[in-house]
Amino acid sequence: MLCFHVCAGEIFELKAELNSDKKEKKKEAVKKVIASMTVGKDVSALFPDVVNCMQTDNLELKKLVYLYLMNYAKSQPDMAIMAVNTFVKDCEDPNPLIRALAVRTMGCIRVDKITEYLCEPLRKCLKDEDPYVRKTAAVCVAKLHDINAQLVEDQGFLDTLKDLISDSNPMVVANAVAALSEIAESHPNSNLLDLNPQSINKLLTALNECTEWGQIFILDCLANYAPRDDRESQSICERVTPRLSHANSAVVLSAVKVLMKFMEMLPKDLDYYGTLLKKLAPPLVTLLSAEPELQYVALRNINLIVQKRPEILKHEMKVFFVKYNDPIYVKLEKLDIMIRLASQANIAQVLAELKEYATEVDVDFVRKAVRAIGRCAIKVEQSAERCVSTLLDLIQTKVNYVVQEAIVVIKDIFRKYPNKYESVIATLCENLDSLDEPEARAAMIWIVGEYAERIDNADELLESFLEGFHDESTQVQLQLLTAIVKLFLKKPTETQELVQQVLSLATQDSDNPDLRDRGYIYWRLLSTDPVAAKEVVLAEKPLISEETDLIEPTLLEELICHIGTLASVYHKPPSAFVEGSRGVMHKRLPARTGSLSTESPDVGTIAGGSGTETAPSIIPSQGDLLGDLLNLDLAPPTTTGPPPPTSGMQMGGMDLLGGGLDSLVGSPMPPRHASGLVPWHSSVDDLCPQVWLPAMKAKGLEISGTFARRAGVIQMELTLTNKAMSVMTDFAIQFNRNSFGLAPAGPLQVLSPLSPNQTIEVSLPLSTVGPVMKMEPLNNLQVAVKNNIDVFYFSCQYPISMLFVEDGKMERQVFLATWKDIPNENESQFQIKDCHLNSDAASNKLQASNIFTIAKRTVEGQDMLYMSIKLSNGIWVLAELRVQTGNPNYTVSTEDGWGTTGGAVDRCCCGAAHRLLPFSMSTLVLFDL
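Since the structure is predicted, the reported quantities are computational estimates derived from the model, not experimental observations.

Asks: Go over the overall build of the protein with me, naming the residues and quoting the values.
Replies: Each helix and strand in the protein was counted, giving 39 helices and 15 strands. Evaluated residue by residue, the protein yields a buried proportion of 52% over its 929 residues. At a minimum sequence separation of 6, the contacts of the protein that also span at least 24 residues come to 68%. Accessible surface, the protein as shown: approximately 42900 Å² in total, 51% of it carbon and sulfur.

Printed below as a string of structure tokens:
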């Protein structure tokens, strides 16, 4: 803070006035002190004199003194203790305003030395008869917790704060919720706001009566509640809906957040669900009539809402049409939402608007408008021809930047609809000389190379670009190299000299490693196997999708939970921009009742597409894992046979693990059991994370982890540690084919950059529907992890017990018949030693790991438990466990019945199933018992 020293004479005069016997003179002196303090003058020398003025009944003077005290207490902590007695006295003053003022000031004085003296006054104020004092004291607890958390917990203030949620005054309730929420944010695992239906009912009752900011605190608290069922969700939504008509936009957005979250639990066929969708539209539209800054915040939030539930605003397109006096940031955001809402029903209206925007004077806006026309063509197939016609009209205007943007988007349209609109190429070639922007030049070169066989003078056109090859940007050079190689493969006799020239320029005369590497790849392909080169370079390319600009679904869910906050404006999770956010909990939308999926309705369906169509392959983005390697336009060669099975997670256009993983995995394999499995020790250490990838083998990235099964889902628990000096981003993961078809069920959720020396824990859900291949050992899993630095490979072993499914309890009659049908040679028997549990305890232990007891009988003092296990691939294991009282050694007999399950996936591991199944049983018994 900038300080100006007050001259000694002025200080002396103020000191004399502060000690005056006349109250008015004393008050005027304090005002002068505050005025000097406000403009940055240092008046700390007057601290004892100002503190003496606290002994007054005048509320105005007391406020001024407290203001001074808050400002200088930190720099004069020893003298601030002088004020403690006055605080204690003021907290018992008959006037509630003075009591509240005292407790508020106490919370603002951030001095450790005096906090312990303030506990008793604060405790009294929390139970004060006046609600104004109680609500002020509630906020003071949060401030005191920030200074000394342990003190607040020891003094029992948190419990008192929880009691205030049941207060009769709505403002006290709102402040108590605000204080607990603030404390909970700094201690995400503390479970301070332990909400239940009774407390939720109290909050909803207070919601109708408290101030607008109190309503926001309560609504934000409600958004963190997880309703028990859809009936409770509907009840809460009905009571929150009236907040949508509030005059304060922050209240409206907080209410929208609650409704968007709880709608996830409502069945879509419910009448109330449709009613709620209709009620959400008007308040969002009303927000767009505010000043531009508020409009922008509203539009950023609407952008998220439209991506999650476009049906809410599908009939409100006109609201997002741009006005002439809108600021550029509002215009661009409106344009983005228009594209998201575009459908077959409104595309004519949208295109007419966009064509108008393309004639505006604002260059950035015009560029975005032209690109928007291209996005409409890609999103709504029925409008593609009209969009292309509109783009051609814009090209005829000969406005340079309009022409260049139009060519860029027409290239994308060619990718989406191959062999459909190539008749416009002649028009594009006429504008070749006017292109001066790298992206437009690269797009035009791609078009010439891709359709070289249809352009008579394609070689001349590309040769004209080649003349200034070294002056071009890297993007243009790379595209030109690929285009000329394409041209050579299509017209080899006419362009041999041209391809030699470009390969020489790229490999011998260039310092760019990307360009040089691509040149060498092409050179070797062409010189060793031209047929392979043709299959690679001229392969059919994957279709591009209109969804490539959508926010990733998991991130979108988190942002929906943060509607009305900075996260919804930045479109980034709080952990990405809040300092010290390691403890921030990632919020998720609740799962829909009676459904396995929480996905929003298909945007394509609203755009007029059929819901039954197969989703097109999506072109990998520039940062995808080995996707579109070096932008080579690579794709797998087309084959006439059936496509190979693919895992549920694709990383770009190529397989991460293609063929070479075994030689790349450098970690030695643990010793194997006779069954072909890696033994798992009978100790709890098995569940402790193991280092799978040391930092020295992964350029500073260390990966450790373990496996768990929760609620029927296999989880891969990963701990990522950055031991390098640079930040790591863009994480992705892929598995090689394995014995049980394990594959990631979703992307690797590393939502914020991994800074040097930072460690994060990630839980990756796994599915068992990936491609299958027998591994040695059977439970071996080969993994590739990619980040912005490189791709790294490692292998690990998962416990077979992770594959035991919850519906593995066989019917008694079926069990008996199956046991009899399995040949005796399929039976295996072995001993388990030193297990000191009786049969009931053993049965309970095993059932926790999905090994179910079907029947029990006692023969000659032996308890015989008959058990069934079902693996994720449908293989059943039947077992008999013999337990004799007083004998710590068990006998296990297993019979494997894979022959009765059928199916290619089941049979793929059958060669080793006889060895696998008994061992898996023994492993689990040893482990659990």
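Asks: Give me the sheet that holds strand β6 (residues 732–735): which residues, what numbers.
Replies: Pairing in this open sheet of three strands is antiparallel, and the strands run β6-β9-β10 from one edge to the other. Bordering the open sheet on either side are β6 and β10 (791–797), each of which pairs with just one other strand. The average angle at which neighbouring strand axes cross in this sheet is 25°, direction not considered. The sheet contact formed by strand β9 (residues 780–786) and β10 spans seven bridges and is antiparallel. Bridge pairing in β10 links V785 to F792.

Asks: So what about the pairing of strand β5 (residues 713–722)? Which residues, and what values?
Replies: Burial analysis of β5 places nine of its ten residues in the buried class, the great majority of the element. One ladder, built from ten bridges, connects strand β4 (residues 701–710) with β5; its direction is antiparallel. Looking at β5, one finds that E702 is bridged to T721. Taken together, β4 and the strand that follows it, β5, pair antiparallel across an intervening segment of two residues, in which A711 is found at a positive phi of about 50°. As defined by bridge partners, β5 adjoins strand β8 (residues 759–767) across eight bridges and the pair is classed as antiparallel. When the sheet's bridge partners are listed, T721 is paired in β8 with T759.

Asks: Tell me about helix α36 (residues 812–821), and name the residues and values.
Replies: By the burial criterion, the buried members of α36 are F815, T818 and W819. All buried residues of α36 project into a common sector of 100° when viewed along the axis, lining one side. Exposed residues pointing more than 90 degrees away from the buried face of α36 are listed as Q813, K820 and D821.

Asks: Quick rundown of the environment of L222? Include the residues and the values.
Replies: Along the chain, the position of L222 falls in helix α15 (residues 212–222). In the structure, L222 is positioned 33 residues away from A255 in sequence and 9.4 Å away in space, judged by C-alpha atoms. Sequence-distant contacts of L222, defined by excluding residues within four places in its chain, comprise I200, L203, L204, V240, V258 and F262.

Asks: Break down the environment of E381 for me, with residues and values.
Replies: With respect to the helices, strands and loops of the structure, E381 is situated in the loop between α22 (363–379) and α23 (384–396). Setting aside residues no more than four positions away along its own chain, E381 makes contact with Y417 and K420.

Asks: Please give an account of the environment of I183 that cites residues and values.
Replies: Mapped onto the secondary structure, I183 falls in helix α13 (residues 170–186). Exposure remark for I183: the relative accessible area of 2% places this residue in the buried category. Apart from the residues lying within four places of it in its own chain, the contact partners of I183 are V141, A142, H145, L158, L161 and L192.

Asks: I'd like to hear about the nonpolar core, residue by residue, with values.
Replies: Grouped together as the largest cluster of nonpolar side chains are 210 residues, with contacts concentrated most on Y68, L122, L203, V240, L354 and F414. Those residues in contact with V240 that lie beyond four places of it in its chain are L204, L207, L219, L222, A255, V258 and L259.

Asks: Residue-level account of the packing of aromatic side chains, with values.
Replies: Overall, the coordinates contain ten aromatic pairs when judged by the stated rule. Measuring from centroid to centroid gives 5.5 Å for Y296 and Y329, while their planes differ by 90°, and the two rings are edge-to-face. With a gap of 33 residues between them, Y296 in helix α19 (residues 292–308) and Y329 in helix α20 (residues 328–341) connect regions that are remote in the sequence. Between Y570 and F577, the aromatic rings sit 4.8 Å apart at their centres with planes inclined by 90°, giving edge-to-face as the arrangement. Given a relative accessible area of 41%, Y570 falls into the partly exposed group. Each residue in the set W692, F707, F794 and Y798 is aromatic and connected to the rest through ring pairs, giving one cluster. For K331, the ring lying beneath its charged end belongs to F365, and the centroid distance is 5.2 Å.

Cut-offs and rules
- Position numbers for residues start from 1 in each chain and track the written sequence from start to end.
- Given that the model is predicted, a residue must reach a pLDDT of at least 70 before its local features are reported, and side-chain atom pairs must reach 80 or more before they are shown or counted; all residues, however, enter totals for whole chains, interfaces and linings.
- Excluding hydrogens and water, the side-chain figures rest on all heavy atoms present in the structure.
- Each helix corresponds to a stretch of at least 4 residues labelled H or I by DSSP, and each strand to a stretch of at least 2 residues labelled E; elements are numbered beginning at the N terminus.
- Exposure classes here rest on a 1.4 Å probe applied to the protein chains alone. A residue is buried below 20% of its type maximum, exposed above 50%, and partly exposed in between.
- Residue contacts are defined here by distance: any two heavy atoms, one from each residue, within 4.5 Å place the two residues in contact.
- The Shrake-Rupley method, run with a 1.4 Å probe sphere, supplies the accessible areas, and residue values consider only the shown protein chains as cover.
- A pair of strands is labelled paired if DSSP reports no fewer than 2 bridges between them.
- Only the contacting stretch of a helix is used when fitting its axis, a line to C-alpha atoms as for every element, and angles between N-to-C directions run 0 to 180 degrees.
- Relevant arc is that of directions from the helix axis to the C-beta atoms, nothing else.
- For our purposes a nonpolar core is just a set of buried Ala, Val, Leu, Ile, Met, Phe, Trp, Tyr and Cys residues, chained together by side-chain atoms within 4.5 Å.
- Only centres within 6.5 Å qualify two rings of Phe, Tyr or Trp (six-membered ring in Trp) as a pair; their planes then separate them into stacked at under 30 degrees, edge-to-face at over 60, and tilted for everything else.
- By definition, being over a ring means that NZ of Lys or CZ of Arg is both within 6 Å of the ring centre and within 35 degrees of the ring normal.

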